[in-house]
Every structure is written in structure tokens, then in C-alpha cells.
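Here is what each chain is made of, one letter per residue.
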Amino acid sequence: LDIVNKQVETSPTYNGYRKQGDIYVDISNIYSKRKMIDQEIKYLQEAQQIYEKAKEISPTLAVEDDLRLVYYNTGLTYRKEGKTKLALEYMEKVIEISNKLVKEAPSHTHMEHLSSAYTQIAIIYGDMRMKDEAKEEYAKALEIREKIYEEAPVTKYAIKYAAAINNFGDACPKTNNKNDKSG
């Protein structure tokens, strides 16, 4: 890390910033596995700042995707901490970037990232006991995954499509109880 930091200080380039940001993301993942949330967030925030510098130098879709990943990981981390409002803020940033990536560089991978962000927002709403909002977000995720599955039925996306249907079912349970008005 020190070597990369020195290289970026002496010659701040787009690729140097991206390499530096990648290292910070890797370090945050180590802290995540060790359940050291404060350190994880510190390195995610560092990576975010670095990728934003790279974006200023060269606003490419690749650096947008780097930012998407950092925002996604930060949102997940805040959710683990029970900081649902911060988690939602970061997942909304993921939605914004993912929509841009799907529009400008359509791929199943970008669509999957978008679907995953909607799923995470649904889970956060579930944590907040906001069932209707959770259903809406799961429905968005499911719609995207259906499209992926239609285009590529024999892929890893088929498994994720099945998982999305299952998650949507959990958010929208059906009951045989005639007295249950929750529907």
C-alpha cells in the first residue's frame, strides 16, 4: 500500500488511483471478514475518495463500476451495523450508477448488479418493517432477473432468478388462513 500511495503522490494518474482504490477495497474486505466494522468503513471511504479522484481525471464506466462496488459494500456494512438510513443512501447511489451502466453498456452483469441493489433495498425496508416498500423493491429486482433469465436461461442467472422468486415470496407470503387480511 505504501508503494502504491507514493506512486500516486508523485504521479497522480487514472490507473494509479484505480490501483490504489482497489487495494483499499481489498483491505476493507479483510476487515469485513474480521468483523472490524470501523476499519472496514474507513477503508471503504478511502476507496470512495480515491475512485472519485480517478473519475475526475477520466470519467469512464470502469471507474463508475468501481464506485458502484464501494457504495454497495458500504451500504451492506451500514446495514450490518443497523444504520438503515445510511445503508439506503448508499444503495440508492448503487441504483443510480447501475442504471447508468445498464443504459450505456448493457450486460447481464450490470443488470445483475442493479437487481442485487434493489434486493438489498428490499431487505433494508424489511429490517425497517416497511413491508409494502420491500415488496416494491423485490418486484423491481425480480423483473430485472426475469429479463436476464429470458435472455440467458442456462446460466448462473437462472439460480439467482430462482432465489429472487423465493425472496419475493418471503416478502409477500400467501396464506390459507381466511381470517388473515394482510394478503
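Please refer to the structure higher up on the page.
What counts, and where the lines are drawn
- Residues numbered from 1 in each chain as written.
- Predicted model: local features only at pLDDT ≥ 70, side-chain atom pairs only at ≥ 80, totals over all residues.
- Heavy atoms only, no water.
- Phe/Tyr/Trp six-rings, centres within 6.5 Å; stacked < 30°, edge-to-face > 60°.
- Helix = DSSP H or I, 4+ residues; strand = E, 2+ residues; numbered from the N terminus.
- Buried < 20%, exposed > 50% of the residue type's maximum accessible area, 1.4 Å probe, protein only.
- Lys NZ or Arg CZ within 6 Å of the ring centre and 35° of its normal.
- Salt bridge = Lys/Arg side-chain N within 4 Å of Asp/Glu carboxyl O.
- Contact = heavy atoms within 4.5 Å.

### Overview of the packing of aromatic side chains
Under the criterion given, the structure shown has four aromatic pairs. With 5.6 Å between their ring centres and 15 degrees between their planes, Y31 and Y43 make a pair best called stacked. Here Y43 lies in helix α3 (residues 37-57) and Y31 lies in helix α2 (residues 14-33), a separation of 12 residues in the sequence. Per residue, the accessibility class of Y31 equals that of Y43, and both read buried. Here a set of aromatic residues connected by ring pairs shows up, and it is made of Y24, Y31 and Y43. For the cation-ring pair, K93 lies above Y71, with the distance from its terminal atom to the ring centre recorded as 5.0 Å. Its guanidinium or amino end placed over the ring of Y90, K93 lies 4.7 Å from that ring's centre, counting from NZ or CZ.

### Re the pattern of salt bridges
By the definition in use, this model includes eight salt bridges. The closest approach of N and O atoms between E64 and K55, which form a salt bridge, is 3.1 Å. Classification of E64 by relative accessible area gives buried; the value is 4%. Notably, a salt bridge pairs E137 with K140, separated by 3.3 Å at the nearest N-O pair.

### Points about unusual backbone geometry
Even without being glycine, K35 reaches a positive phi, approximately 60 degrees. Within the secondary structure layout, K35 lies in the loop between α2 and α3. Among the residues examined, K35 registers a relative accessible area of 69% and is labelled exposed. For R129, which is not glycine, the phi torsion reads 65 degrees and is therefore positive. Mapped onto the elements of the fold, R129 is located in the loop between α6 (108-127) and α7 (131-151).

### Structural notes on the side chain of H110
Tracing the chain through its elements places H110 in helix α6. In this structure H110 touches D65, L101, V102 and A105, once residues within four positions along its chain are discounted.

These results come straight from atomic positions and should not be treated as a statement about function.
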